[in-house]
Amino acid sequence: MPPSTNQSRDPQRSDSGNDPVRVAVAPDGAPSWMADAVVAGGGHVVPVAEAEALVWGAPMQPAAFAELMDDARHLRWVQLPFAGIEHYVEHVDGDRQWTCGKGVYAEPVAEMALALALAGMRGLGQYARVQEWSRPQGRNLLGANVTILGGGGVTESLIRLLTPFGCRITVVRNRVQEMEGVDEVVEADRFIDALTGADLVVLALALTPDTEGMLARNEFELMEDHAWVVNVARGRHIVTDDLVWALENGVIGGAGLDVTDPEPLPPGHPLWALQNCIITPHVGNTPEMAVPLLSERITANVRRYARGEELLGPVDVQLGY
Ligand SMILES: NC(=O)c1ccc[n+]([C@@H]2O[C@H](COP(=O)([O-])OP(=O)(O)OC[C@H]3O[C@@H](n4cnc5c(N)ncnc54)[C@H](OP(=O)(O)O)[C@@H]3O)[C@@H](O)[C@H]2O)c1
């Protein structure tokens, strides 16, 4: 996959010759491999007050991040750890460069999407639950109509994984462009059209005000009654109560969820008991899978920043992802 890149470089950096990039790794307690990744890219790890760049190492601590940024207006570049930046987007400004983990975790997350799709469509969730020889069920992924919401890193990897299945693939994305291995690319405001006729709908898109709650009762009613929904993006894309209704009433075939709303999904939640629902606890990329991938991205970006080159995984300030 070609890396996504920033449009603008940091003019201050391109003037600074061969100086090592001064990078803070925060907050205190951020894993030491992050500092190692900075050093591997030729950077110097320094306190925030002396830094020109920041690697943020605590994905679920947006309040600590806000506090740090109040005193760190001098930072020229901030690297966030996750692909989804919904907890950080309010701080993203045009005063500096922002990069995130978009595309970093694409391969393991796409693998999880494929696993959930196959397990769901071939009935493995139900076969695994019962303790008796049960009746045949399931549909092929082979040759299926697949709609993928989102056209970023995860989607690119999933399209490649789906190649041997000979699916007819439709991608819905914000910025329509030709995509290899895709039969049709549909613009975001026509996403409803892409739900009709799909045997499988995969959510692999950014969470924004436009995409929150985008699958609800009306959308499920438009879908095929055998269709499986696989969500590896964020739980809040789906209205959970409406999903429960759709699953309980056979409005859709089933759901494979790596992410849920609420998350973690509490014990006793109706989704756990539904035979046509397979839930994994947000493990599209486990920490073991994520560390080498993010480490590589940090190293690459420190190196690029030092050379005044475009950074990988840029956040678009206007779009908010
Ligand atoms: N389950 C997990 O463990 C896990 C791990 C990593 C990531 N994730 C989630 O997966 C998401 C995708 O990851 P990624 O690496 O592929 O991110 P990415 O490269 O940033 O892709 C995000 C995609 O969302 C699309 N998008 C934005 N608004 C849209 C809309 N209204 N309708 C349709 N598409 C829209 C964008 O379209 P354009 O490209 O056309 O602008 C882009 O292709 C992340 O945002 C994150 O929430 C989950």
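These numbers come from a predicted model, not from an experiment. Going along each chain's sequence as written, the residues are numbered from 1 onward. Residue-level local features of this predicted model are given only where pLDDT is at least 70; pairs of side-chain atoms are given and counted only at 80 or more, and the full residue set underlies all totals for whole chains, interfaces and linings. Calculated side-chain values reflect all of the structure's heavy atoms, with hydrogen atoms and water omitted.

Description of the overall build of the protein
Under the convention used in this document: Put simply, DSSP H or I for four residues or longer makes a helix, DSSP E for two residues or longer makes a strand, and each gets a number counted from the N terminus. To get the radius of gyration, use the C-alpha atoms; to get the globule rule, take the number of residues to the power 0.38 and multiply by 2.2 Å. Exposure categories follow from relative accessible area, calculated using a 1.4 Å probe and restricted to protein chains: below 20% of the type maximum is buried, above 50% is exposed, and the middle band is partly exposed. Throughout, a residue-residue contact means that at least one pair of heavy atoms, one from each residue, lies within 4.5 Å. Throughout, the Shrake-Rupley method with a 1.4 Å probe supplies accessible areas, and for residues the shown protein chains are the sole cover considered. Asp and Glu are treated as the negative residues and Lys and Arg as the positive ones, with His and the ends of the chain left uncounted. By convention, the charge on Lys lies at NZ, on Arg at CZ, on Asp at CG and on Glu at CD.
Within the protein, the secondary structure is distributed over 11 helices and 12 strands. Taking 2.2 N^0.38 as the reference for a compact globule, 321 residues should give roughly 20 Å; the C-alpha atoms of the protein span a radius of gyration of 21 Å, in line with that estimate. Taken along the three principal axes of its C-alpha coordinates, the protein extends 70 × 40 × 30 Å. Out of the 321 residues in the protein, the part that is buried amounts to 51%. Residue pairs in contact within the protein that sit at least 24 positions apart in sequence constitute 61% of those at least 6 positions apart. With the model as given, the accessible surface of the protein reaches about 15400 Å², and the carbon-plus-sulfur share is 50%. Side-chain charges of the protein comprise 23 positive and 43 negative groups, with the mean position of each set lying 4 Å from the other.

Some details on the nonpolar core
The criterion, for reference: Nonpolar core, defined: a set of buried Ala, Val, Leu, Ile, Met, Phe, Trp, Tyr and Cys residues in which side-chain atoms within 4.5 Å join the residues together.
Counting 47 residues, the largest nonpolar core has Leu141, Ile148, Leu162, Leu200 and Val232 as its most contacted members. Sort the elements by how many residues they give to this core and helix 4 (residues 106–121) lands first, with nine residues. Look past the residues within four positions of Leu141 in its chain and what remains in contact with it is Leu114, Leu118, Met121, Val146, Leu162, Phe165, Cys167 and Leu200.

Section: the site of the ligand
Counted only if it meets this: A molecule or strand has a residue near it when one of that residue's heavy atoms lies within 4 Å. A 3.5 Å cut-off defines polar contacts: any pair of N or O atoms within that distance qualifies, except that in protein one atom must be a possible hydrogen donor and the other a possible acceptor, and neighbouring residues in sequence count only when both atoms are side-chain atoms. When residue character is reported, Ala, Val, Leu, Ile, Met, Phe, Trp, Tyr, Cys and Pro are called nonpolar, Asp, Glu, Lys and Arg charged, and the others, Gly included, polar.
The full set close to the ligand counts 28 residues, and Gly103, Val154, Arg173, Arg175 and Tyr321 are the nearest of them. Between a nitrogen atom of the ligand and a main-chain N or O atom of Val232, the distance comes to 3.0 Å. Across the complex, the protein chains shield 95% of the 930 Å² of accessible surface that the ligand would expose by itself. Listing elements by their share of the shell around the ligand, those giving two or more residues are helix 6 (153–162) and strand 7 (168–173). Looking at the shell around the ligand, its residues break down into 12 nonpolar, 11 polar and five charged.

Re helix 9 (residues 240–248)
Every buried residue of helix 9 is accounted for by Thr240, Leu243, Val244, Trp245, Ala246 and Leu247. Where the residues of helix 9 are buried, they touch helix 8 (217–222), strand 11 (254–257), helix 10 (270–273) and strand 12 (277–279). Where helix 9 ends, the next residue or the one after it, Gly250, has phi of about 65°, a positive value.

Structural notes on empty space enclosed by the protein
For clarity, the cut-off: Residues are called lining when one of their atoms sits within 4 Å of a cavity or pocket point, these points coming from a 1 Å grid over the protein atoms alone, where a cavity is a set in which a 1.4 Å probe fits but cannot get out and a pocket is an open set with protein on both sides within 12 Å along at least five of seven lines. Grid points are joined across faces, edges and corners, and a volume is the space filled by probe spheres set on the points.
The full count for this structure, using the stated rule, is four cavities of 30 Å³ or more. The volume enclosed by the largest cavity comes to roughly 50 Å³. Taken together, Asn231, Gly235, Ile238, Thr240, Leu243, Leu257, Val259, Thr260, Asp261 and Leu271 make up the lining of the largest cavity. Across the lining of the largest cavity, the residue classes break down as five nonpolar, four polar and one charged.

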